[in-house]
Amino acid sequence: MPPAPGTVLLSGIVGSTAYGFAHAGSDIDRLGLFAAPTEDFHGLGRPAESRVTTEPDTTLHEAAKWCRLALTCNPTASELVWLPADLYEVRTPLGEELIAIRGSFLSAAAVRNSYLGYADQQFRKLLGRDTADRVGRLRAAKHARHLVRLIEQGVRLHETGENLVRLPDPERIRALGDRIAEHPATAEPLLSAAAERLARPGALPPAPDPRPAEAWLHRVRAAHYTPPVHSAPPARTPPVPAAR
């Protein structure tokens, strides 16, 4: 079930379109976050934390879950607050507030662990991919492309404190990805160099500051709370005095 109308706080187009990799026929991926009604947290159960649909491909995370992901610098979730302005499709005042505090989610250790970890995942997939047929070669090229992207975005984020989602030279990364797909071992020096640069002091603090996210979530919960309507208790009939 999709979130109720008006509860999506921020959403936009992400993935290959955002990075500059898209071509004719590419899927359009959307990512966003929503606020579950605050009263849904007051009972025994808990509201769904994510909504995923296909056709169109859309992932929506509940506000608290998105914050938890962003505090680990999850590359996929985090890019939502770093998109170019033209890629946003929903941008509410609470969404604007979240964009304004995006730097507080960042930390050197989390960027190193997340971006290198996801790049290594792509490398492992690349090594295990059968490239004997066209489909296998295309998937290998995709893994290699995202490996390079994650390395470059992670290093830039670590060294500048800015997450550049729209890559300035996607064709260079596409060409490098094609070469890595053909010869996966050529990715190993890139991974090693990135690990070395991410181990040096950079622009990010050692740990994130969760206080702005906590305060933002309090504002979200207040804005999406509907007090329950209590019916008045039935009137009590006064007792009839006993006859004397």
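Below, the structure is looked at part by part.

Cut-off values and rules
- Residues numbered from 1 in each chain as written.
- Predicted model: local features only at pLDDT ≥ 70, side-chain atom pairs only at ≥ 80, totals over all residues.
- Heavy atoms only, no water.
- Helix = DSSP H or I, 4+ residues; strand = E, 2+ residues; numbered from the N terminus.
- Contact = heavy atoms within 4.5 Å.
- Axes fitted to C-alpha atoms, helices over the stretch in contact; angles between N-to-C directions.
- Parallel < 35°, antiparallel > 145°, perpendicular 65-115°, else oblique.
- Nonpolar A, V, L, I, M, F, W, Y, C, P; charged D, E, K, R; others polar.
- Phe/Tyr/Trp six-rings, centres within 6.5 Å; stacked < 30°, edge-to-face > 60°.
- Buried < 20%, exposed > 50% of the residue type's maximum accessible area, 1.4 Å probe, protein only.
- Salt bridge = Lys/Arg side-chain N within 4 Å of Asp/Glu carboxyl O.
- Expected span 1.5 Å × (residues − 1).
- Arc of directions from axis to C-beta.

### Regarding the side chain of Arg174
Within the secondary structure, Arg174 sits in helix H7 (residues 170-182). Excluding residues that lie within four positions of it along the chain, Arg174 makes contacts with Phe21, Ala22 and Arg145.

### Remarks on the packing of helix H5 (residues 108-128) against helix H8 (residues 187-199)
A pair of packed helices can be characterised by two numbers: the angle between their axes and the separation between those axes. Interaxial distance between H5 and H8 falls to 11 Å at its minimum, and their mutual angle equals 175°. By the angle class used here, H5 and H8 are roughly antiparallel. Residues Val111, Arg112, Leu116, Ala119 and Phe123 of H5 lie in contact with H8, whose contacting residues are Ala187, Glu188, Leu191, Ala194, Ala195 and Leu198. A per-class count over the contact of H5 with H8 returns nine nonpolar, no polar and two charged.

### Re the packing of aromatic side chains
The description of an aromatic ring pair rests on the distance of the ring centres and on the angle between the ring planes. According to the stated counting rule, one finds two aromatic pairs in the structure shown. Summarising the aromatic geometry, the rings of Tyr19 and Phe21 are spaced 6.0 Å apart at their centres and angled 65° between planes, so their arrangement reads as edge-to-face. You can call Phe21 buried: its relative accessible area is 2%. Considering the side-chain rings of Trp66 and Phe105, the 5.3 Å spacing of their centres and the 75° angle between planes classify their relative orientation as edge-to-face. Taken together, the residues Trp66 in helix H2 (residues 63-71) and Phe105 in the loop between helix H4 (93-100) and H5 connect sequence positions 39 residues apart. We classify Trp66 as buried; its relative accessible area is 0%.

### Considerations on the pattern of salt bridges
Here the structure, examined in full by the defined rule, presents 13 salt bridges. The salt bridge partner of Arg68 is Glu49, with a shortest N-O separation of 2.4 Å. Taken together, the positions of Arg68 in helix H2 and Glu49 in the loop between strand S2 (29-34) and strand S3 (50-53) put the pair 19 residues apart, joining distant regions of the chain. Accessibility expressed as a relative area gives 37% for Glu49, which makes it partly exposed. When the shortest N-O distance is used, the salt bridge between Glu196 and Arg200 registers 3.2 Å. For Arg200, a relative accessible area of 42% puts it in the partly exposed group.

### Points about H7
Between the first and last C-alpha of H7 there are 19 Å, a value that for 13 residues agrees with the 18 Å anticipated at 1.5 Å per step. Among all positions of H7, only Pro170, Ile173, Arg174, Leu176, Gly177, Ile180 and Ala181 are buried. Seen end-on, H7 carries its buried residues on one side only, within an arc spanning 165°. Of the exposed residues in H7, those oriented more than 90 degrees away from the buried face are Glu171, Arg179 and Glu182.

### Let's talk about the side chain of Ser11
Along the chain, the position of Ser11 falls in strand S1 (residues 8-14). Assessed through its relative accessible area of 10%, Ser11 is described here as buried. Discounting residues that sit within four places of it in the chain, Ser11 has contacts with Leu31, Gly32, Leu80, Tyr88, Glu89 and Val90.

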